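# Tertiary structure, described
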Amino acid sequence: MSTTKTLALPAGLPAPNQEPLTKPYWEGTRAGKLVIQRCGGCGAHQWGPEWLCHRCHSFDLGWEEVAPRGRIWSWQRPHHPVHPALTGHGPYTIVLVELPHAGKVRMVGNLLCASDAKVEIGADVEAVFEPHDEADPPYTLVQWKVVD
Amino acid sequence: MSERTLRGKVAIAGIGETAYYKHGQSPDAEFKLALRAVLAACEDAGIDPREVDGFASYGDDRSQAVRLAAALGIKELRFSNMHWGGGGGGVAASVANAAAAVHSGLANCVIAFRSLAQGQFARYGLSRLGDTAKDDDAFLAPYGLISPAQRFAMKITRFMTEHGIRHEALRSIAMASYHHAQNNPRAVMHGRPLTEEKYDASRWIIEPFHRLFDCCQENDGAGAVLVVPADRAKDLPHRPTYLLGTAQGGHHRSAAPVHNAPEYASAHFPTVAKNMWAMARLGPQDVDVVQAYENFTGGVLLSLVEHGFVDPRTANQFLVPENLFAPSGKMPLNTSGGNLAECYMHGLEMVNEAVRQLRGTANNQVPDAEIVAVLGGPMVTPVSSLVLGTEATL
């Protein structure tokens, strides 16, 4: 597992609310694991979290660790700061990452790269866990970096 | 069983709007703006406002139907309706809901409206989140994905990249709105023309496809239309404008959490457009003028594609300014200036413009316009669209 002590974005952005429906995911990232929903009824992966499997309507949704790898499905690079924490920070890169080995679910995170780096749809990426230990409650975000 | 349809069953008898302002500059409170627009629509229709018996809106409009009814001295309120979903996704749906109420006999005379005063209330383009982000936002906001533009940008990146569509196609969409606004004294951007050079030099909001002029304004104002049974419209002052087709909703799991909609690079119109054309018994080839909601120019591209107006394979060739300019373009687009340059009235201004085109009273009139389509706010979900026509199209 790969972790970083450097925050991708400045402190002060909203922290994730760890709700009953999503808590296993946040417990997973604290332990450096990427954990998503998997249906006990039909075996399909599901993301984001929901109470019901949209395929077979089973409420028996468990959580399973998946390999922290994917590929870039799409991306954007915001320049205009829309939150006070981002004022003066400059451009940053957001990626939508597809997990081909986990039902092709998609996750959103930051791409750890220079602010003018070329980004390619389809590029292989791996997760980098970014702990926010000082937060109350603490949480860990999942960022992405291109696999060399 | 008789055919279940709204085609030709109701008409828009009156349109109204306030003066349009830059955000925060309205001298009037939001509710006062709503009242002004409702009164203007009634006056335009030649109908006593006390006869209105229903209100329909969208986007969590704060001007509640019951308060409007009380303020206006409405005799009997028979229909009040709020369409789920944010922004302008529900603009056509509010007209459709008013139409369904009128046609079904729930009500007789229904206002569909939108009122916004962002000086009085919060802006859309800035974070309205607190210290923690809930639900979907918990997986987005900590990564700096917060504003509407950021929610939609990756749909645009994916679609444009996949189909090789150039940023110039989006520039043409912006140019059309600004071009038309120069001839529309109501437009907030009247007297502020846009050139290709100015567009190209404008700052990035989001790479790779959102420059400043790809993004809508934020404005204060209100707009309203008055919906009545088709029979009644014939006795009113204006040439009747009939609802020919409308639909709302979203395709399979279009609202799947955390950007997991199966058909992701979409404005979410595939089923809505199909249902609207089926009700109208028309297709994109029949339309004389298009009003396509611009939250962002990329969303207009997706809307036009999903309604069949533009083929992604020829988008670079087709989306050039001369094709989009009234009166002679192949597909006159956003002829009052739209959200980009007339006013961001969450698309209600586009319904008013569609009616003007069909009455023959638009500032940028398309000669002999008989059929006008209004494509509501794209990329949110649910979305909605409608198509209006003159009596000759019934």
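Presented here is an overview of the structure given in this document. Computed from a prediction, not measured in an experiment: that's the story for all the values here.

### Section: the overall build of chain A
Counting its secondary structure elements, chain A contains one helix and nine strands. Start at the N end of chain A and walk to the C end: the helices and strands fall as β-α-β-β-β-β-β-β-β-β. In terms of C-alpha radius of gyration, chain A reaches 16 Å, essentially the compact-globule figure of 15 Å for 148 residues. Considering only C-alpha atoms, chain A reaches an extent of 50 × 35 × 30 Å along its principal axes. Per-residue burial for chain A yields a buried fraction of 41% across its 148 residues. The contacts of chain A with a sequence gap of at least 6 include a subset with a gap of at least 24, amounting to 54%.

### Some details on helix 4 (residues 148–163) of chain B
Under the 1.5 Å per step criterion, the end-to-end length of helix 4 of chain B is 23 Å for 16 residues, consistent within 8% with the ideal 22 Å. Along helix 4 of chain B, the helix axis deviates most sharply at Met154(B), where the bend reaches about 25°. Turning to helix 4 of chain B, its buried residues are Pro148(B), Ala149(B), Gln150(B), Phe152(B), Ala153(B), Met154(B), Lys155(B), Ile156(B), Thr157(B), Phe159(B) and Met160(B). Looking at the buried side of helix 4 of chain B, the elements it contacts are strand 5 (69–78) and strand 6 (94–99) of chain A together with strand 7 (204–207), strand 8 (210–211) and helix 9 (297–306) of chain B. Phi turns positive one or two residues past the end of helix 4 of chain B, at Gly164(B), with a value near 65°.

### Focus on the pairing of strand 7 of chain B
Bridge analysis of strand 5 of chain A against strand 7 of chain B gives two bridges, and the strand direction is antiparallel. Bridge pairing links Arg77(A) to Glu207(B) in strand 7 of chain B. Two elements, strand 7 of chain B and strand 8 of chain B, share two bridges in a ladder whose sense is antiparallel. The residue of strand 8 of chain B that forms the bridge with Trp204(B) is Arg211(B). Two successive antiparallel strands, strand 7 of chain B and strand 8 of chain B, enclose a turn made up of two residues.

### As for the interface of chain B and chain A
If you look at the interface, chain B gives 36 residues, while chain A gives 33 residues. The set of elements that each furnish at least two residues to the side of chain B that touches chain A consists of strand 6 (132–133), helix 4 and strand 7 of chain B. In terms of residue count, helix 4 of chain B provides more of the side of chain B that touches chain A than any other element does, six residues in total. Note: strand 1 (residues 15–16) of chain A against strand 6 of chain B, two bridges, orientation parallel. Along strand 6 of chain B, the bridge assignment pairs Pro16(A) with Ala133(B).

### Details of the packing of helix 5 (residues 167–181) of chain B against helix 9 of chain B
Residues and elements named next belong to chain B. Closest axis-to-axis distance for the helix 5/helix 9 pair is 9 Å, and the angle between their directions is 100°. Comparing the axis directions of helix 5 and helix 9 gives the class roughly perpendicular. The residues of helix 9 that touch helix 5, namely those facing Ala169, Leu170, Ile173 and Ala174, are Thr297, Gly298, Val300 and Leu301. For the contact of helix 5 with helix 9, the class distribution of residues is six nonpolar, two polar and no charged.

### Looking at helix 1 (residues 30–45) of chain B
Residue and element names in this part refer to chain B. Spanning 16 residues, helix 1 covers 23 Å between terminal C-alpha atoms, matching the ideal 22 Å at 1.5 Å per step. The complete set of buried residues in helix 1 reads Glu30, Leu33, Ala34, Leu35, Ala37, Val38, Ala40, Ala41, Cys42, Asp44 and Ala45. Buried residues in helix 1 make contact with strand 1 (10–17), helix 2 (65–72), strand 5 (110–116) and strand 9 (219–229).

### Considerations on the nonpolar core
All names here are of chain B. The biggest cluster of nonpolar side chains holds 171 residues, and the ones touching the most others in it are Ala41, Val110, Leu226, Val227 and Leu388. Here the element with the most residues in this core is helix 3 (residues 91–104); it accounts for ten residues. Look past the residues within four positions of Leu226 in its chain and what remains in contact with it is Ile12, Ala13, Gly14, Ala41, Cys42, Ala45, Ile47, Cys109 and Ile111.

Calculation criteria
Residues numbered from 1 in each chain as written. Chains lettered and ligands numbered in written order. Predicted model: local features only at pLDDT ≥ 70, side-chain atom pairs only at ≥ 80, totals over all residues. Helix = DSSP H or I, 4+ residues; strand = E, 2+ residues; numbered from the N terminus. Rg over C-alpha atoms; globule rule 2.2 N^0.38 Å. Buried ≥ 20, exposed ≤ 12 C-beta atoms within 10 Å, placed from the backbone. Contact = placed C-beta atoms within 7 Å. Expected span 1.5 Å × (residues − 1). Bend = angle between axes of the 7 residues up to and from the residue. Pairing = 2+ DSSP bridges. Axes fitted to C-alpha atoms, helices over the stretch in contact; angles between N-to-C directions. Parallel < 35°, antiparallel > 145°, perpendicular 65-115°, else oblique. Nonpolar A, V, L, I, M, F, W, Y, C, P; charged D, E, K, R; others polar. Core = buried A, V, L, I, M, F, W, Y, C linked by C-beta atoms within 7 Å.

No statement about biological role is implied by the geometric values presented.
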